[in-house]
Amino acid sequence: MIQTDALVIGAGPVGLFQVFQLGLLGLKAEIIDVLPQAGGQCIALYPDKPIYDIPGVPLCTGRELTQQLLTQAMPFMPADAPSAKPRNLHLGHMVSELQPQADGGFVIHADKGLQVNARAVFIAAGAGAFVPRTLNLPGLAQASNVHHFLHEADEAPAPWAAQHLVIHGGGDEALSAAISIAQHPDLTQRPARISLLHRRDQFQADEALDAQVRELIATGQIDLIVGMPSEATVEQGHVKALQILGADSQTRSVPLDHLLIRLGMSPKLGPLSNWGMALERKQVAVNTASFESSIPGLYAVGDINTYPGKKRLLLCGFHEATLAAHHAAAAVHPDAPQHLLYTTTSPLLHERLGMARK
Ligand SMILES: Cc1cc2nc3c(=O)[nH]c(=O)nc-3n(C[C@H](O)[C@H](O)[C@H](O)COP(=O)(O)OP(=O)(O)OC[C@H]3O[C@@H](n4cnc5c(N)ncnc54)[C@H](O)[C@@H]3O)c2cc1C
């Protein structure tokens, strides 16, 4: 059981900024996300698309914004080594249960045995937990060589290195995965063969990605297989082949070593909706002075909340996270003075940020 001041559910842009704001106010936070990467919608839905409306940042992509938010929160997300994952960032865990405690805090349960006891909880869950859309064929769910995410950069070797990888999908997620795998700078990480499996010979993807993949197909670096997977041959928890039904109504067998399913993500609000806080159309109703829900100590920030005038914009989520952090700091440390301090001039904030700046 991890003991902490605050738990943030969701490592999307608002959850990451929440950790930063809590850190400035002297509250330690843990942060959990079901995805294997931080960044929420910015990473899962539009990593390479431009964002133009962050104050003071004329243009950045979803991936760049995520990286900047991680860098900004770094003083409050310590890691054992510069390239290591922060110790308080728990990726790949689905939060399922919340148990209010007699002292006003909460115990939160996530899968794989992760438990956190926190004085305050911040739900920054967006539209819900991002769960990859999958291929519903018997035996696939349990197969050890079926993947939905690209492996982490520091995880070597890639599971599909020097083997036959079939990538299923025809949208941005599938095409960007195919490009990054086919062009991996370390040749030993590349598969021996990459097949892109899509139901038709037309992609529903960004023009630039489409053009890049067409070039890789033309130069023989990717094989295009057109058809619908109708059956999987699974032996001892391993997919050996997919049966593909082609446009000519013929079924042929495609042997493979690994299958990467990239059909996009669908958000699922799941168990959070049963935690007892007031909801309006599946959004958490909050008080706009504190961004607290109807349960004291349980805050909701970003796309998950609702209030009169709510706009699902990054800027609004950042504002909400700031006010929620101030309210929680006063509640967790009622005897501590709650002055508004500026990062520009406050020695205390500089100390918390780990700076020598005066
Ligand atoms: C295509 C597109 C373009 C956009 N462009 C802009 C733009 O230009 N400007 C702008 O201001 N906004 C834009 N937005 C909106 C912006 O992306 C959202 O407002 C923002 O991502 C909300 O951030 P968030 O942290 O609240 O939620 P999210 O980004 O949705 O992150 C929530 C995270 O919580 C995790 N989570 C949820 N439930 C659980 C659980 N039970 N256990 C574990 N993890 C959980 C999810 O997996 C997810 O990673 C755009 C949105 C889209 C889809």
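Shown above is the structure to which this text applies.
Remember, it's a predicted structure, so these values are computed and weren't measured experimentally. (Residues numbered from 1 in each chain as written. Predicted model: local features only at pLDDT ≥ 70, side-chain atom pairs only at ≥ 80, totals over all residues. Heavy atoms only, no water.)

Rolled over the atoms, a probe as big as a water molecule pinpoints where empty space is left. Within this structure, the stated rule accounts for 1 cavity of 30 Å³ or more. There is about 50 Å³ of room inside the largest cavity. Forming the walls of the largest cavity are Pro132, Arg133, His148, Glu173, Ile261, Arg262, Leu263, Gly264 and Met265. Classifying every residue of the lining of the largest cavity gives 4 nonpolar, 2 polar and 3 charged. (1 Å grid on protein atoms, 1.4 Å probe; cavity = no way out; pocket = protein on both sides within 12 Å on 5 of 7 lines; lining within 4 Å. Points joined across faces, edges and corners; volume = space filled by probe spheres on them. Nonpolar A, V, L, I, M, F, W, Y, C, P; charged D, E, K, R; others polar.)

As a further point, take the packing of helix H1 (residues 13–24) against helix H3 (residues 62–73). For any two helices packed against each other, the geometry comes down to the angle between their axes and how far apart the axes lie. At a minimum axis separation of 9 Å, H1 and H3 run at an interaxial angle of 15°. Taken together, the axes of H1 and H3 lie roughly parallel to each other. At the point where H1 passes H3, the crossing takes the left-handed sense. Seen from H1, the contacting residues are Pro13, Leu16, Phe17 and Phe20; seen from H3, they are Thr66, Leu69, Leu70, Gln72 and Ala73. A per-class count over the contact of H1 with H3 returns 7 nonpolar, 2 polar and no charged. (Axes fitted to C-alpha atoms, helices over the stretch in contact; angles between N-to-C directions. Helix = DSSP H or I, 4+ residues; strand = E, 2+ residues; numbered from the N terminus. Parallel < 35°, antiparallel > 145°, perpendicular 65-115°, else oblique. Left-handed = near helix turned anticlockwise from the far one by under 90°. Contact = heavy atoms within 4.5 Å.)

The next subject is the pairing of strand S6 (residues 95–100). Of the strand pairs in this sheet, S6 and strand S7 (residues 106–110) are connected by 5 bridges, and their pairing is antiparallel. The residue bridging Leu98 from the neighbouring strand is Ile108, located in S7. (Pairing = 2+ DSSP bridges.)

This paragraph deals with the sheet that holds strand S15 (residues 238–245). Strand order in the open sheet made by the 3 strands is S14-S15-S16, with antiparallel pairing throughout. At either end of the open sheet lies a strand with only one pairing partner, and these are strand S14 (228–235) and strand S16 (251–255). Each adjacent strand pair in this sheet contributes to an overall mean axis angle of 25°, direction not counted. Pairing of S14 with S15, which is carried by 7 bridges, proceeds in the antiparallel orientation. Within the sheet, the bridge partner assigned to Pro229 lies in S15 and is Ile244.

Glancing now at the site of the ligand. In the vicinity of the ligand there are 30 residues, among which Asp33, Tyr46, Asp53, Asp303 and Leu314 approach most closely. Contact between the ligand and Tyr46: an oxygen atom at 2.5 Å from a side-chain N or O atom of the residue. The contact in question runs from a nitrogen atom of the ligand to an N or O atom on the side chain of Asp53, over 2.9 Å. Against a free-state accessible area of 1000 Å², the protein chains account for coverage of 86% of the ligand. At the level of elements, H1, helix H2 (40–44) and strand S9 (129–132) are the ones that each hand at least two residues to the shell around the ligand. Take the shell around the ligand: its biggest share by element is 3 residues, from H1. Of the residues assigned to the shell around the ligand, the class counts are 17 nonpolar, 9 polar and 4 charged. (Near = heavy atom within 4 Å. Polar contact = N/O pair within 3.5 Å; in protein donor to acceptor, adjacent residues only side chain to side chain. Areas by Shrake-Rupley, 256 points an atom, 1.4 Å probe, with all protein chains shown as cover.)

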